[in-house]
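Residue-level structural notes
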Amino acid sequence: MLDCDRKLRVILLDDQPIVLSGVSMLLGALGHQVTQASRGEEVVERFQNGERFDVAILDMTVEAGLGGSEIAADLLQIDPDVKLIVSSGYGISDVISDCQQFGFHGALPKPFSMAELKLAIDSVMQVDKCAE
């Protein structure tokens, strides 16, 4: 059974410090525990070292390192239960518009509001089932 009030462990990948800071504050305000990473390699390393997260919000492209689209399959191989949300500020790409084909559970085009962030997380965690 899904725990509707459960606070999630979220890893956030973005190469822009202002985005990491701002989205981390939003996630914290939603009650979630946040781990930040600026390169995909950091995220993969954390998973390989046994850290587990409920949700990974992954910037699709990272200037100096691997982006979300490049590490999604690796993360799911390490932890098939993690829910992956792809995020991008480069408009609607194939990965954003058809994210499940690329291994993601949800998409979050930038810029996004706190309500859109919450909806994306609730959707991948199937929180709507709590209302039943």
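Rules used in this analysis
Residues numbered from 1 in each chain as written. Predicted model: local features only at pLDDT ≥ 70, side-chain atom pairs only at ≥ 80, totals over all residues. Heavy atoms only, no water. Helix = DSSP H or I, 4+ residues; strand = E, 2+ residues; numbered from the N terminus. Buried < 20%, exposed > 50% of the residue type's maximum accessible area, 1.4 Å probe, protein only. Contact = heavy atoms within 4.5 Å. Areas by Shrake-Rupley, 256 points an atom, 1.4 Å probe, with all protein chains shown as cover. Pairing = 2+ DSSP bridges. Right-handed = clockwise from strand over helix to strand, strands pointing away. Axes fitted to C-alpha atoms, helices over the stretch in contact; angles between N-to-C directions. 1 Å grid on protein atoms, 1.4 Å probe; cavity = no way out; pocket = protein on both sides within 12 Å on 5 of 7 lines; lining within 4 Å. Points joined across faces, edges and corners; volume = space filled by probe spheres on them. Nonpolar A, V, L, I, M, F, W, Y, C, P; charged D, E, K, R; others polar. Arc of directions from axis to C-beta. Polar contact = N/O pair within 3.5 Å; in protein donor to acceptor, adjacent residues only side chain to side chain.

The helix and strand tally for the chain stands at 5 helices and 5 strands. Across the 132 residues in the chain, those meeting the buried criterion constitute 40%. Contacts spanning at least 24 positions in sequence make up 63% of the contacts within the chain whose residues lie at least 6 apart. For the chain, the exposed area adds up to about 7100 Å²; of that, 50% sits on carbon and sulfur atoms.

This part covers the pairing of strand 3 (residues 55-59). Here strand 3 lies mainly inside the structure; 5 of its 5 residues are buried. Across the two faces of strand 3 the burial is the same, with V55, I57 and D59 and A56 and L58 all buried. Bridging between strand 1 (residues 9-13) and strand 3 involves 4 bridges; their strand directions are parallel. Note on strand 3: the bridge partner recorded for L12 is I57. Since strand 3 and strand 4 (residues 83-88) lie parallel, the crossover through helix 3 (residues 68-78) that links them has a hand, and here it is right-handed.

On to the sheet that holds strand 1. The 5 strands lie next to each other as 2-1-3-4-5, forming an open sheet whose pairing is parallel. Each edge of the open sheet is held by one strand with a lone partner, namely strand 2 (33-37) and strand 5 (106-109). Shown here is a sheet whose adjacent strand axes are inclined to one another by a mean of 20°, direction ignored. Along the sheet, helix 1 (residues 17-29) makes contact with strand 1, strand 2 and strand 3, crossing strand 2 at roughly 170°. Contacting strand 1, strand 2 and strand 3, helix 2 (residues 40-48) crosses the sheet at an angle of about 150° to strand 1.

So, about empty space enclosed by the protein. Inspection of every chain in the model, using the stated rule, returns 1 cavity of 30 Å³ or more. Volume-wise, the largest cavity comes out at about 40 Å³. Along the walls of the largest cavity sit L12, L13, D14, V19, V23, I57, S87, K110 and F112, which together make up its complete lining. Residue assignment for the lining of the largest cavity shows that the elements contributing at least two residues are strand 1 and helix 1. Taken together, the residues that form the lining of the largest cavity break down as 6 nonpolar, 1 polar and 2 charged.

Once that is clear, we can look at helix 3. Helical geometry: 3.6 residues make up each α-helical turn, so side chains three or four residues apart lie on a common side. Every buried residue of helix 3 is listed here: G68, I71, A72 and L75. Buried residues along helix 3 cover an arc of 135° about the axis, so they all sit on one side. Exposed residues lying more than 90 degrees from the buried face of helix 3 are A73 and Q77. Buried residues in helix 3 make contact with strand 1, helix 2, strand 3 and strand 4.

Okay, the side chain of D59 next. Here D59 shows up in strand 3. Separated by 3.4 Å, the side chains of D59 and K110 make a polar contact. When residues no more than four places from it in sequence are discounted, the contact partners of D59 are L13, D14, D15, G67, G68, S87, S88 and K110.

Before going further, it helps to examine the side chain of H32. In this structure, H32 sits in the loop between helix 1 and strand 2. A polar side-chain atom of H32 sits 3.1 Å from the main-chain amide nitrogen of L8. Contacts of H32, omitting those with residues within four sequence positions, involve R6, K7, L8, V10, L27 and I121.

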